[in-house]
Structures are given as structure tokens and as C-alpha cells.
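# Coordinate analysis (summary)
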Number of protein chains: 4
Amino acid sequence: MSPNPVRSTTAVEVRYAETDQMGVVHHANYLVWFELARTRLCTLSGFHYHQIEDLGYHLMVTACQVEYRRGAHYGETLEIDAWLADLASRRLRFAYEVRRGVEVLATGLTEHVWVEAASGRLCRTPEPLREPFARLATPSVDALS
Amino acid sequence: MSPNPVRSTTAVEVRYAETDQMGVVHHANYLVWFELARTRLCTLSGFHYHQIEDLGYHLMVTACQVEYRRGAHYGETLEIDAWLADLASRRLRFAYEVRRGVEVLATGLTEHVWVEAASGRLCRTPEPLREPFARLATPSVDALS
Amino acid sequence: MSPNPVRSTTAVEVRYAETDQMGVVHHANYLVWFELARTRLCTLSGFHYHQIEDLGYHLMVTACQVEYRRGAHYGETLEIDAWLADLASRRLRFAYEVRRGVEVLATGLTEHVWVEAASGRLCRTPEPLREPFARLATPSVDALS
Amino acid sequence: MSPNPVRSTTAVEVRYAETDQMGVVHHANYLVWFELARTRLCTLSGFHYHQIEDLGYHLMVTACQVEYRRGAHYGETLEIDAWLADLASRRLRFAYEVRRGVEVLATGLTEHVWVEAASGRLCRTPEPLREPFARLATPSVDALS
């Protein structure tokens, strides 16, 4: 992988409904934020994820990990970074960082496989997405092409 | 309508994730509980709602109302009643009551129309569901048939 | 009420997790969006809602209504307007409109009472919030004062 | 650890709101189900988790992992097993398995630390919970005592 994959940054305003009775954001919501950040990152490839679905493919989640360092609170606006941490022909890994200013609140990973929607079968990176995703992983591909 | 439509009762254990920082269940979750109770009620017609979707129809929500009287708390198990409050050829209304023991915590209504999934067009009650839903609305239909 | 209460407008990017298997945003999420829009509106009074809670009060939801006209989809960015539709000494009603461009997707209302957090008792509009909320309801109050 | 920690089993009926437009349960909901299963397991220690909070402590989530093998669908009732996979004086790890009949749909882990609610500081297992949690980890403690 490139030492510097493309990073997207997404601002998220904490919603009251996302808090729980501990007074912080419930931990499951970080996965929803990661997905929002992943959507933004995909857009930087030139394809909104809904366009990827329109092509007939899903990026199915096969695993996730989150490490929570500090709680997030209602009234805060956070930043979520997302980048492509690993890109193989059939499997991708995205990484995430949730920040409040310079403080890192949480980090995470999600793993995905490509699925052909019609058949439900696993597949390789769909042809129209190969170069766009390669550029997310290794921006210098752009310079070489 | 019959004075005594069929009532389903569904037990719901409050989930921690459903609470918010006020220390009670966030008000949006009642709509999710209503849907769970509506699923149970549909089952009493002889069709699980996923079977209704398999027939090619959706019961699309067009309106909802909730009145909240008392908060619900993590650690409580509640009962949700649902019944068919109004049944017309193209439009249904379900009613709901959320209870903790004998205390009523909330009441609500949802309105729905039938939609043909393939075309996205509104339609009348699908033929195979007419009698089953009529029986939910007026149990005595059963005795008459 | 003033014919022209202050309106806040909040952009919301539809999240994948907000969709359901009908392929549209699940109807319960509109209440979450209304809350986000209400937070924005409160901010226009000079108080973020978390500051209102810090003063020792909650705006507890006692009722809600939503009318759904058209579905919202993943990949869309919507606008939610919120305004104070009714302001009494002990009870408020907010109104909402969800739009995709010029199309109205949904409208709604929520009713609230003031609660003193420490005692859990209903109360009148907290003194520091009276003028700020009156200005939301009737902007001309500003000109008169 | 004991080779056979106490296992709780919790039945979960998939809610329509838990599905997304892929037609399966959205992956974030598994964390909510894990929490429900963890609540059940805590109850087997003799303390409902809300009683643990009443004692003045939180079991704060510091990390989670999920592996997703197969999708879950609306209309299915699943079983979630939870058990205490690791118990140290300041840190716990719970493990989970989500099944549909004999098929394993997902497995997961969550890590937690004890927090004193009043101060927000990390602490050791609260004294009243030491023996009950030790019994969850190693049922034979019971026989020995």
C-alpha cells in the first residue's frame, strides 16, 4: 500500500438520539459514522456508493473493529477520517479515525468483500471500479497513468 | 369497525441503546416497537409481513402519531398492544398501546397504504389478504363465513 | 403566533443505516432528523440545547406526528426546516418540513413540556429562556424591545 | 479462565427497522444485540446491569470486534449467546455468537473497563460484584465455596 492513501474527512454533529443514559454516544453509532465517512471516501473515487450499487455490486461488511478512547457528547461536532488501508482483488479494508479537534476519540477498521447483487456471489473488484479504487489506495497511480 | 378488533401483545425488553442521555427511551424507538407489534398482529392474520412482501406488496407508512405519557427505562419489560383501528380498501390504520404493567406509557397510530412493489403504485388490499385482514378488523367475520 | 417565526434549515445526508429493505429511509428516522433540526433552531435562540440541559431543564417530548409523502433515498441530501409553531408558558410545539430540492417529502409536529431535571417536575419556560424563545416565535419582539 | 464459562442465550426477533437496503440486518445492530445478550448474562450473576449502574458503576466499552459470516433477515428469530471470555481485576472481555438454528451468522468480542460513575475514574471490579462475576467466568467457584 501507499504510505499516503487518500483520506476523506467528514464532519458529524452528534445527535441527541445517538446518546445513551451514560451521557455519551452509544458505541454502535460509530459504525454508522464510519459508513458515512466511507461513503465520502468512495465519492472521492468518482463513484458515490449508491452508483456502485446501481452497477450491480455491494461492498459487504465481513468484519469490524473499534477502539474507543474517549466519549463523544451531544453538542459536539466531530471529524471522521476514512482511508483505504488495504486493497486486494477480492477484499478491502478501510480504516477510520474519529476526532474532536486534535483529540482522537476512536479508531476502527472494517473489512469488505465485493458481492454481485443479482447472484449474491463473491466477485473481484468490478472492472469499472479498479482504477478508481487503486487511486484511493495509491494516489500516485494517477501520476503514472 | 368491530368494537373488538383482534389485539396482539408483544413483550419488549428495553435495550440500553434505546435510552438517551435523559435516562429514558428515546421517543423515536416507539415507532420501531410499533412496527414489531404490527408484525405480530399481521402474523395473527396468517401472514407474516415478510410473506406479504414476498407476495409483491408493501404496507407503506403514510402517517404516524405518538402520545408519550411516561418514560420507559432500561431494565423494564413492556407490553405493546396493536390492533387494526380502521380498514378501508386502500388504506389501513393501526393503533398501539405501550404498557408497563397496568400503566399506559404511550399510545399511537400509524396509517398505511398498499403499494405494489414492482411498479411502486398504490393498490387495493391484495386479494389473498382481504379476508385475513378483514378478520383482524372484525373477528366475527370468521363466525359468519 | 407570528406569521413568520424564525426558521432553521439543516442539511442532512441520508445514511445507509437509515434505509430499510424497502430501499427508502425508515420512517422512525424522521424523528431523529426533526430533533437535529430542533437543535439547530434552539441554537438560533442563543442557547444550544445542551446548554439548556446544563441550566437544569429538559424539553420533554409529549407527542409527535409525521406525514410522509415521498420516500428519501441513500445518496440524497435533504433539507429539514424547523420552527416554533406554538409557544405557551408550559408547552411548545415545533413544526418541521423535510425537502429534497423543492419537493416536500414529509412534514411533522412535536409537542414538548419543560421539565426541571432535578425534580422531574413540569415547569414554566425557564426564566433565562423566555425572551430567547419568544424571539424564535415572533422575531419582531426583537424590534420592539 | 474456565473452559466453560456461563453462557446466556437470548432470542432476538429481527426488526424491520434493523434491515437496510441490502435486504439484510445492518451490521451496526449486532452491537445492540450483543448488549442485550450481555444484559442477560449479567442477570445470571444475580445483578441486572441497571442495578450495577445503581451501585454507581459503569462497564464502559473500550473495544469491539465483529465477524459477519451470513446475513440475518427480517422474519427470522435468532439466538445470541454471550459469555465472559476474560475477567481481570480492571478489565473484562465478553464473547458472543449469533445463530440462526445451528448456523453461526456472526461472532464478536467486546472489551470493557469499570468506571466509577460519580468521578468518571477507572476502578477495579466493585466489591459486591467480584464473586458474582467470578462465578460467571468459572462456574466451579460456586461448587468450591
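Everything that follows concerns the structure shown earlier in this document.
Residues numbered from 1 in each chain as written. Chains lettered and ligands numbered in written order. Predicted model: local features only at pLDDT ≥ 70, side-chain atom pairs only at ≥ 80, totals over all residues.

## Some thoughts on the overall build of chain A
- Secondary structure summary: chain A contains 4 helices and 6 strands in total.
- Listing every helix and strand of chain A by position from the N terminus yields β-α-α-β-β-β-β-β-α-α.
- Its C-alpha atoms give chain A a radius of gyration of 16 Å, near enough to 15 Å, the size a compact globule of 145 residues would have.
- With the C-alpha coordinates of chain A rotated into their principal frame, the extents come out at 45 × 35 × 20 Å.
- Per-residue burial for chain A yields a buried fraction of 40% across its 145 residues.
- Of all intrachain contacts in chain A linking residues separated by at least 6 positions in sequence, the fraction that spans at least 24 positions is 69%. (Helix = DSSP H or I, 4+ residues; strand = E, 2+ residues; numbered from the N terminus. Rg over C-alpha atoms; globule rule 2.2 N^0.38 Å. Buried ≥ 20, exposed ≤ 12 C-beta atoms within 10 Å, placed from the backbone. Contact = placed C-beta atoms within 7 Å.)

## Concerning helix H3 (residues 127–137) of chain D
- Every buried residue belonging to H3 of chain D is among Leu-129, Phe-133, Arg-135 and Leu-136 of chain D, and all of these are buried. One side of H3 of chain D carries all its buried residues, which in axial view fall inside an arc of 150°. (Arc of directions from axis to C-beta.)

## Notes on the interface of chain A and chain D
- Across the contact, 14 residues belong to chain A and 14 residues belong to chain D.
- Residue assignment for the side of chain A that touches chain D shows that the elements contributing at least two residues are helix H1 (29–44) and strand E2 (57–68) of chain A.
- Counting residues per element, the side of chain A that touches chain D draws most heavily on E2 of chain A, which supplies 9 residues.
- Counted by class, the side of chain A that touches chain D contains 9 nonpolar, 4 polar and 1 charged residues.
- Alignment of E2 of chain A against strand E2 (residues 57–68) of chain D, held across 5 bridges, turns out to be antiparallel. Each bridged residue has a counterpart across the sheet, and for Val-66 of chain A the counterpart in E2 of chain D is Cys-64 of chain D. (Nonpolar A, V, L, I, M, F, W, Y, C, P; charged D, E, K, R; others polar. Pairing = 2+ DSSP bridges.)

## What to know about the nonpolar core
- With 157 residues, the main nonpolar core has Ile-80 of chain A, Ile-80 of chain C together with Ile-80 of chain D as its most contacted residues.
- Not counting the four nearest positions on each side in its chain, Ile-80 of chain D is found in contact with Thr-10, Val-12, Trp-33, Phe-34, Leu-36, Ala-37, Tyr-96 and Val-98 of chain D. (Core = buried A, V, L, I, M, F, W, Y, C linked by C-beta atoms within 7 Å.)

## Quick notes on the relation of the copies chain A and chain D
- Between the two copies, chain A and chain D, the superposition gives an RMSD of 0.0 Å; the rotation angle is 180° and the shift along the axis is 0.0 Å. On this basis, the relationship between the two copies can be described by a two-fold rotation axis. Using C-alpha coordinates, one finds that chain A approaches the rotation axis most closely at Gln-65 of chain A, a distance of 2.2 Å. (Least-squares fit on C-alpha atoms with pLDDT ≥ 70 in both.)

## Concerning the interface of chain C and chain A
- Counting from both sides, the interface comprises 11 residues of chain C and, opposite them, 11 residues of chain A.
- The greatest single-element share of the side of chain C that touches chain A, amounting to 4 residues, is contributed by helix H1 (residues 29–44) of chain C.
- Among the residues forming the side of chain C that touches chain A, the class breakdown is 5 nonpolar, 4 polar and 2 charged.

## A few points about the pairing of E2 of chain A
- Here E2 of chain A runs beside strand E5 (residues 103–116) of chain A; their pairing, made up of 11 bridges, is antiparallel. By the bridge assignment for E5 of chain A, Met-60 of chain A is matched with Val-113 of chain A.

## Thoughts on the relation of the copies chain C and chain A
- Superposing chain C onto chain A takes a rotation of 180° combined with a translation of 0.0 Å along the rotation axis, leaving an RMSD of 0.0 Å.
- Here 100% of the contact residues of chain C are again contact residues in chain A; the copies associate through an equivalent surface.

## Here's the deal with the environment of Tyr-30 of chain B
- Along the polypeptide, Tyr-30 of chain B turns up in helix H1 (residues 29–44).
- Spatially, the C-alpha atom of Tyr-30 of chain B lies 10.0 Å from that of Ala-72 of chain B, the residues being 42 residues apart in sequence.

## Considering the pairing of strand E5 (residues 103–116) of chain D
Residue and element names in this part refer to chain D.
- Pairing between strand E4 (residues 91–100) and E5: 10 bridges, direction antiparallel. From the neighbouring strand, Tyr-96 faces E5, where its bridge partner is Gly-108.
- In this structure, E5 lies alongside strand E6 (residues 121–123), joined through 3 bridges in antiparallel fashion. Following the sheet pairing, Trp-114 is matched in E6 by Cys-123.
- Here E5 folds back onto E6 in antiparallel fashion, the turn holding 4 residues, of which Gly-120 has a positive phi close to 75°.

## A look at the environment of Gly-108 of chain A
All names here are of chain A.
- In this structure, Gly-108 sits in strand E5.
- A sequence separation of 26 residues divides Gly-108 from Ala-82, and the C-alpha atoms of the two residues are 9.4 Å apart.
- Setting aside chain neighbours within four positions, we find Gly-108 in contact with Tyr-30, Phe-34, Cys-64, Gln-65, Val-66, Glu-67 and Tyr-96.

## Re the environment of Arg-93 of chain C
Residue and element names in this part refer to chain C.
- Within the fold, Arg-93 resides in strand E4 (residues 91–100).
- The class for Arg-93 is partly exposed, based on 17 C-beta atoms found within 10 Å.
- Distance from Arg-93 to Thr-43, taken between C-alpha atoms, is 16 Å for residues 50 residues apart in sequence.
- Contacts of Arg-93, omitting those with residues within four sequence positions, involve Ala-85, Asp-86, Leu-109 and Glu-111.

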